[in-house]
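Structural characterization, general
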Amino acid sequence: FTDIQRLISVHPDRELQITYRRNGMEQTAAVTPALNRSTGSGYIGIAPYVVPQVSDVKQDSPAEAAGMIPGDLIIRAGTNEVNNSLDVFLPFQRTPGSVQFTLLREGREIPAEYIPRYDEQGQVVLDFSFSMVEVTSPDLNFFQSIGPGFSEAVETFFLTIRSIGVLFRGVDPSEAVAGPVRITYLVGDAAAQGFQTGFREGLITLFRLIAFISIALSFANLLPIPALDGGQIVLSLYEAARGRMVSPRRYYILQIIGFSVIMFIFFFALMSDISFLFRGR
């Protein structure tokens, strides 16, 4: 499903031919991902199928107070039949109060009254999680992983290039652009969520995010803006084509222009971060 997310997210407003299997028969549909103006990514409104079986219950939580334990299968939420994990959330959207779950435990149906918590945005916060299907990639040693790692880095680099164009297609820059404050928050949040799953998963999540940020910064450094390496490369090529150096006065003016552009970007990103913090995220 991660492969599906990656392919769809980088093609907003572009028609894609999707082949799927239904009742043993392959079918094809033309789907155009919509543009999420907050993140700049495309989406088509699908989610992975997750069996609504409880895998973990937080201590001293409403789920524990309701008597839920790992292994319970949620078969009804309110008056609705539950076929997958998404069905569990439907009653909370209509009635923000308590929800009567029906659990299947060792062949017996058990009622459980669940009183949820909500965050600042009014979204329900569940104190239990579902069993996920894990897909393990083949184990690779250090030398075998160099090729796939390089390919993924290149793919991430060009994804960063495409994301610049998305900013000019109606995306909300205050949502899509992050500065140092929000980047620090995202790194900490990703690490916390990863380490909740396990130490190994936490390190992988943290290093993947840091690698993504590093690749994005490398692209930013290559932009043809004076005072950045990309600007210096363009200036050097210009001087090589002319056969002589730019005068110190013009070079000084270019550096001032480049520094002003960088400060504007930094100020905008900082204002976006402040807005992000005041929204309570």
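Remember, it's a predicted structure, so these values are computed and weren't measured experimentally.

A word on unusual backbone geometry
Although it is not a glycine, asparagine 23 sits at a positive phi angle of roughly 55°. Note on placement: asparagine 23 falls in the loop between strand 1 (16-22) and strand 2 (25-31). Among the residues examined, asparagine 23 registers a relative accessible area of 77% and is labelled exposed. At glutamate 106, a residue that is not glycine, the phi angle is positive and equals roughly 55°. Mapping glutamate 106 onto the fold places it in the loop between strand 8 (99-105) and strand 9 (108-114).

Focus: the confidence of the model for the protein chain
Scored by pLDDT, the protein chain has a mean of 82; 89% of the residues are at 70 or more. Mean pLDDT in the protein chain bottoms out at helix 5 (residues 173-176), which sits at 65, and peaks at strand 2, which reaches 94.

Concerning the sheet that holds strand 6 (residues 73-77)
Read across the open sheet, the 4 strands follow the order 7-6-8-9; overall the sheet is antiparallel. Of all strands in the sheet, those with a lone pairing partner are strand 7 (80-81) and strand 9, marking the two edges. Of the pairings in the sheet, the one linking strand 6 to strand 8 comprises 4 bridges and is antiparallel in character. Within strand 8, the position partnered with leucine 73 by the bridge is leucine 104.

Points about the nonpolar core
In summary, soluble globular proteins display a tendency toward joint burial of nonpolar side chains. Formed by 21 residues in total, the largest nonpolar core has its most connected members in Met68, Ile74, Val88, Phe92, Phe101, Tyr114 and Phe128. Contributions of two or more residues to this core are made by strand 5 (54-57), strand 6, helix 3 (85-94), strand 8, strand 9 and strand 12 (128-130). Excluding anything up to four places from it in sequence, valine 88 contacts Pro52, Ile74, Ala77, Val82, Phe101, Phe128 and Phe130.

Notes on the packing of aromatic side chains
Tallied over the full model, the rule gives 7 aromatic pairs. Judged by centre distance (6.2 Å) and plane angle (90°), the rings of phenylalanine 101 and phenylalanine 128 are edge-to-face. Of this pair, phenylalanine 101 sits in strand 8 while phenylalanine 128 sits in strand 12, and the two are 27 residues apart along the sequence. As far as the burial class goes, phenylalanine 101 and phenylalanine 128 line up, both buried. On the basis of an interplanar angle of 80° and a centroid distance of 5.4 Å, the ring pair of phenylalanine 142 and phenylalanine 143 is categorised as edge-to-face. Using a relative accessible area of 60% as the deciding quantity, one classes phenylalanine 142 as exposed. In textbook terms, an aromatic cluster arises when at least three aromatic residues are bridged by ring pairs, as seen for Phe101, Tyr114, Phe128 and Phe130.

Quick notes on the rules
- Residues numbered from 1 in each chain as written.
- Predicted model: local features only at pLDDT ≥ 70, side-chain atom pairs only at ≥ 80, totals over all residues.
- Heavy atoms only, no water.
- Helix = DSSP H or I, 4+ residues; strand = E, 2+ residues; numbered from the N terminus.
- Buried < 20%, exposed > 50% of the residue type's maximum accessible area, 1.4 Å probe, protein only.
- pLDDT = per-residue confidence, 0-100.
- Pairing = 2+ DSSP bridges.
- Core = buried A, V, L, I, M, F, W, Y, C linked by side-chain atoms within 4.5 Å.
- Contact = heavy atoms within 4.5 Å.
- Phe/Tyr/Trp six-rings, centres within 6.5 Å; stacked < 30°, edge-to-face > 60°.

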